[in-house]
Amino acid sequence: MATWGPLAGGVLSGKFTRPGGSEAGTRIAPESLGVREHTAARVLQEVADEVGATPSQVAIAWTRARSRAVHPIVGARTAEQLKDNLNALDVTLQGDAVRRLDGAAEFTLGVPGDFIAGVPPGVFGEGSDRFDGR
């Protein structure tokens with residue numbers, strides 16, 4: 001399974017929350033970010049500081065920690081960003097760090113996950129009781 005945007009448009013790279021703010025010309029308007037985004041970026045920065053990695057590396061490692069079948073698609077614009085993103089392969093997050101990050105960025109599954117999660121048991125056959133919505 002491939003996941004697009006593990007850095008959430010740069011929000012999880014720290015560029016919107018670091019001192020001095022983001023550079024001009026970003027695709028996301030800094031004023032459009034809410035409490036949820038700032039909280040996730042802050043906790044991600046805390047974990048990055050603890051493990052000695054960049055926020056981008058932790059965001060990618062967090063995506064990978066959710067499942068061995070998940071392969072993040074990175075959208076690096078420069079060779080430096082690509083190198084930083086690839087170094088995420090050397091970052092291993094412990095369970096506590098993953099739980100803190102998950103708690104900081106709760107989300108809804110969205111379509112079709114939220115629809116499937118709300119369907120009564122048995123609709124998808126006898127194996128549907130093993131589906132956990134992820």
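Above this text you will find the structure in question.
Residues numbered from 1 in each chain as written. Predicted model: local features only at pLDDT ≥ 70, side-chain atom pairs only at ≥ 80, totals over all residues. Heavy atoms only, no water.

S.K.: What's the story with the side chain of D84 in this structure? I'm lost.
M.R.: Secondary-structure assignment places D84 in helix 3 (residues 79–86). Within the structure, D84 has its side chain in polar contact with the side chain of T54 (distance 3.0 Å). In this structure, D84 is in contact with T54, S56 and Q57, ignoring residues within four places of it in sequence. (Helix = DSSP H or I, 4+ residues; strand = E, 2+ residues; numbered from the N terminus. Polar contact = N/O pair within 3.5 Å; in protein donor to acceptor, adjacent residues only side chain to side chain. Contact = heavy atoms within 4.5 Å.)

S.K.: Would you explain the side chain of Q57 in this entry?
M.R.: Tracing the backbone shows Q57 in helix 2 (residues 55–65). With a relative accessible area of 9%, Q57 lands in the buried category. When neighbours within four sequence positions are excluded, Q57 is seen to be in contact with D84, N87, A88 and V91. (Buried < 20%, exposed > 50% of the residue type's maximum accessible area, 1.4 Å probe, protein only.)

S.K.: Is there a simple way to think about the pattern of salt bridges in this case?
M.R.: Oppositely charged side chains can form a pair if their charged atoms are brought close together. Counted according to the given criterion, the structure contains four salt bridges. Among the salt bridges present, the one from R100 reaches E46, with a minimum N-O distance of 3.6 Å. Linking R100 in helix 4 (residues 95–104) with E46 in helix 1 (residues 35–51), this pair joins segments that are 54 residues apart in sequence. For R100, the salt bridge goes to E50, with nearest N and O atoms at 2.9 Å. Residue R100 is located in helix 4, and its partner E50 is located in helix 1; the two are separated by 50 residues in the primary sequence. Salt bridges here are not isolated pairs; linked through shared partners, they connect R42, E46, E50 and R100. (Salt bridge = Lys/Arg side-chain N within 4 Å of Asp/Glu carboxyl O.)

S.K.: I would appreciate a short explanation of the nonpolar core in the present structure.
M.R.: A general trend in soluble globular proteins is that nonpolar side chains are found buried together. Ranked by internal contacts, the top residues of the largest apolar core, which has 21 residues, are L12, L44, V47, V58, W62, L93 and L101. Excluding residues within four positions of it along the chain, L93 makes contact with V47, V58, A61, W62, V98 and L101. (Core = buried A, V, L, I, M, F, W, Y, C linked by side-chain atoms within 4.5 Å.)

S.K.: For this particular structure, what's the right way to read the packing of helix 1 against helix 2?
M.R.: For any two helices packed against each other, the geometry comes down to the angle between their axes and how far apart the axes lie. Packing of helix 1 against helix 2 leaves a shortest axis separation of 8 Å and a crossing angle of 100°. By the criterion of interaxial angle, the relationship of helix 1 to helix 2 is roughly perpendicular. For the pair helix 1 and helix 2, contact is made by L44, Q45, V47, A48 and V51 and by P55, V58, A59 and W62, respectively. (Axes fitted to C-alpha atoms, helices over the stretch in contact; angles between N-to-C directions. Parallel < 35°, antiparallel > 145°, perpendicular 65-115°, else oblique.)

S.K.: Help me understand the environment of T63, please; the structure alone is not making it clear to me.
M.R.: By secondary structure assignment, the location of T63 is in helix 2. Residues T63 and V98 lie 35 residues apart in sequence; the distance between their C-alpha atoms is 9.5 Å. In this structure, T63 is in contact with T3, P6, V70 and P72, ignoring residues within four places of it in sequence.

Geometric descriptors of this kind do not, in isolation, establish any biological role.
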